[in-house]
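What follows is the residue order along each chain.
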Amino acid sequence: MKLAQVIGTVTATAKHPGYLGHKLMIVQPVDSAGLALGESQLAIDTVQAGPGDTVLVLREGTGVRQILEEGTPPIRSLIVGIVDEVTSG
Amino acid sequence: MSPQKEDAVYLGEVIGTCVATMKAPGMEGLRMLVVQPLDEHGNPTGTRHIACDAVQAGPGDRVYLVGSREAALAFDPSFVPIDAAIVGIVDSVDLDRREGDV
């Protein structure tokens, strides 16, 4: 899983049925100190995260399908946790 | 270009169409579009590529895509040998106001 910060949301009316009812967030990958790493990407929210939150992003399709339990949606990125604190040496 | 971005779900803009007569089995009938990946501000990032359309998008539309193996799942149950699929047409992108503030 990657650490990332939620920086925005995306809304869409026309979408694949696998995305219906899900909230799509823009997440910026960050390092353990909170500094941006690379380019932003999108992820479906499963934990009621909001803009400004540091989150854990799962980027692996099999795990996504296990969590969503909705058959085989074409989803690869999922926010699976809101980070309280990161300590690294 | 970050290869990581196109392994995930990402924003893009449809800038053209692509037609191929000779295709791998399983790709018959798929609509192929040329896509420019975008960052959260709508600026181009990375290289243009071809993606298959699952939501009737067209040139000029801002869309989001899924890459890698999950792209094939957009056309489930048929098996399609593709690595990028357009799965949503973007109505709006809302950025956290704190971002970019001085």
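Bear in mind that the values here come from a model prediction, so they are computed numbers and not experimental data.

The interface of chain B with chain A comprises 36 residues on the first partner and 28 residues on the second. Looking at the side of chain B that touches chain A, the elements with two or more residues in it are β1 (9-18), β4 (62-67), α1 (70-73) and β5 (84-95) of chain B. With ten residues, the top contributor of residues to the side of chain B that touches chain A is β5 of chain B. Here the side of chain B that touches chain A is composed, by residue class, of 17 nonpolar, seven polar and twelve charged. Bridging between strand β1 (residues 2-15) of chain A and β5 of chain B involves six bridges; their strand directions are antiparallel. By the bridge assignment, threonine 9 of chain A is partnered in β5 of chain B with aspartate 94 of chain B.

Moving on, we get to the confidence of the model for chain B. Low pLDDT means the predicted atomic positions in that stretch should not be read closely. When the pLDDT values of chain B are averaged, the result is 89; 91% of them are 70 or greater. Per the prediction output, this complex has pTM 0.89; the corresponding ipTM is 0.86.

Definitions and limits used
- Residues numbered from 1 in each chain as written.
- Chains lettered and ligands numbered in written order.
- Predicted model: local features only at pLDDT ≥ 70, side-chain atom pairs only at ≥ 80, totals over all residues.
- Contact = placed C-beta atoms within 7 Å.
- Helix = DSSP H or I, 4+ residues; strand = E, 2+ residues; numbered from the N terminus.
- Nonpolar A, V, L, I, M, F, W, Y, C, P; charged D, E, K, R; others polar.
- Pairing = 2+ DSSP bridges.
- pLDDT = per-residue confidence, 0-100.

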